[in-house]
Structures are given as structure tokens and as C-alpha cells.
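# Architecture and fold: a report
Listed here are the chains, written in short residue letters.
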Amino acid sequence: SREALREAFDAEITTDPLEMARYIDPQRVLMVLARTDEIVPFEAQEALRKSMGAPETLYLPTGHRPSVVYFPTLRARAYEFFARQFAQASAAFAAR
């Protein structure tokens, strides 16, 4: 059941993502938030985003599971994001 899964996670996962967020470089993150997510409340998503330093974000107007209809958009944005990331890394490497 969903409750049993939650209890199992609570017993095993002892790290709060908000505590770990400060160690993440927001320039290297593309975050995807689902506004009507029933699994991860939008307020929690926004709190994590803020704790991470407001990385580039794609907001979806759906919940967790229905967001699959936005896969083409997500794929295109992810491709653009990683193309920029790899170009910047290549330029930095070439400058050494």
C-alpha cells in the first residue's frame, strides 16, 4: 500500500533534501516542477528549488503522473540545457 511504502521510506531515508540542497550547484541543474503534483506537493518542490539557489526550472501545469504528456517539451528543454552545459564545459576545457 501507499502507506506501507511511505513508512518504509521514512525508516530508510534519513537525509532531508532541503539540507543537502546547499551543496548543489544551481547552474548545473534543470529542475522540473509539476504544479498539481499529489505525490510531492508544489510547496515542497518550490522550497527545494529555493534552497538549491533557484536553478533553471520547467514548470508543468500537471500532476506527477499526467506530466508524461509533456515529455516532448521536457526532452527538448533537457536537450537544450545539456547542450549549453557541454558547450560551456568544452570551452572551459579548451581554455586550459
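Here the structure is shown first, and the text comes after it.
In this report, the structure presented in the accompanying data block is examined. Keep in mind the model is a prediction, meaning the values are calculated, not measured.

Here we take up the pattern of salt bridges. Enumeration according to the criterion identifies two salt bridges in this entry. E56 is paired through a salt bridge with R77; the nearest N and O atoms lie 3.5 Å apart. Of the two residues, E56 is situated in strand β2 (residues 56-60) and R77 in helix α4 (residues 71-94); the sequence distance between them amounts to 21 residues. Of the residues examined, E56 reaches a relative accessible area of 29% and is grouped as partly exposed. A relative accessible area of 23% means that R77 is categorised as partly exposed. The partner of R84 in a salt bridge is E56, and the shortest N-O contact between them spans 2.4 Å. Residue R84 is located in helix α4, and its partner E56 is located in strand β2; the two are separated by 28 residues in the primary sequence. Of the residues examined, R84 reaches a relative accessible area of 37% and is grouped as partly exposed. Here the residues in one salt-bridge network are E56, R77 and R84, joined through shared partners.

Moving on, we come to the environment of R49. By the element assignment, R49 lies in helix α3 (residues 42-51). With 16 residues separating them in the primary sequence, R49 and L33 have C-alpha atoms 9.0 Å apart. Ignoring anything within four residues of it in the chain, the contact list for R49 reads M31, L33, A54, P55, T57 and Y59. At 2.4 Å, the side chain of R49 forms a polar contact with the side chain of T57.

Per the counting criterion, the structure on display carries three aromatic pairs. Pairing F81 with F82 gives two aromatic rings, centres 5.4 Å apart and planes at 80°, and the pair type is edge-to-face. Owing to a relative accessible area of 2%, F81 belongs among the buried residues under this scheme. What links up through ring pairs into an aromatic cluster is the set F81, F82 and F86.

Now for α4. Over its 24 residues, α4 runs 34 Å from end to end, which matches the ideal 34 Å to within 8%, given 1.5 Å per residue. Those residues of α4 not exposed but buried are A78, F81 and Q85.

Calculation rules
Residues numbered from 1 in each chain as written. Predicted model: local features only at pLDDT ≥ 70, side-chain atom pairs only at ≥ 80, totals over all residues. Heavy atoms only, no water. Salt bridge = Lys/Arg side-chain N within 4 Å of Asp/Glu carboxyl O. Helix = DSSP H or I, 4+ residues; strand = E, 2+ residues; numbered from the N terminus. Buried < 20%, exposed > 50% of the residue type's maximum accessible area, 1.4 Å probe, protein only. Contact = heavy atoms within 4.5 Å. Polar contact = N/O pair within 3.5 Å; in protein donor to acceptor, adjacent residues only side chain to side chain. Phe/Tyr/Trp six-rings, centres within 6.5 Å; stacked < 30°, edge-to-face > 60°. Expected span 1.5 Å × (residues − 1).

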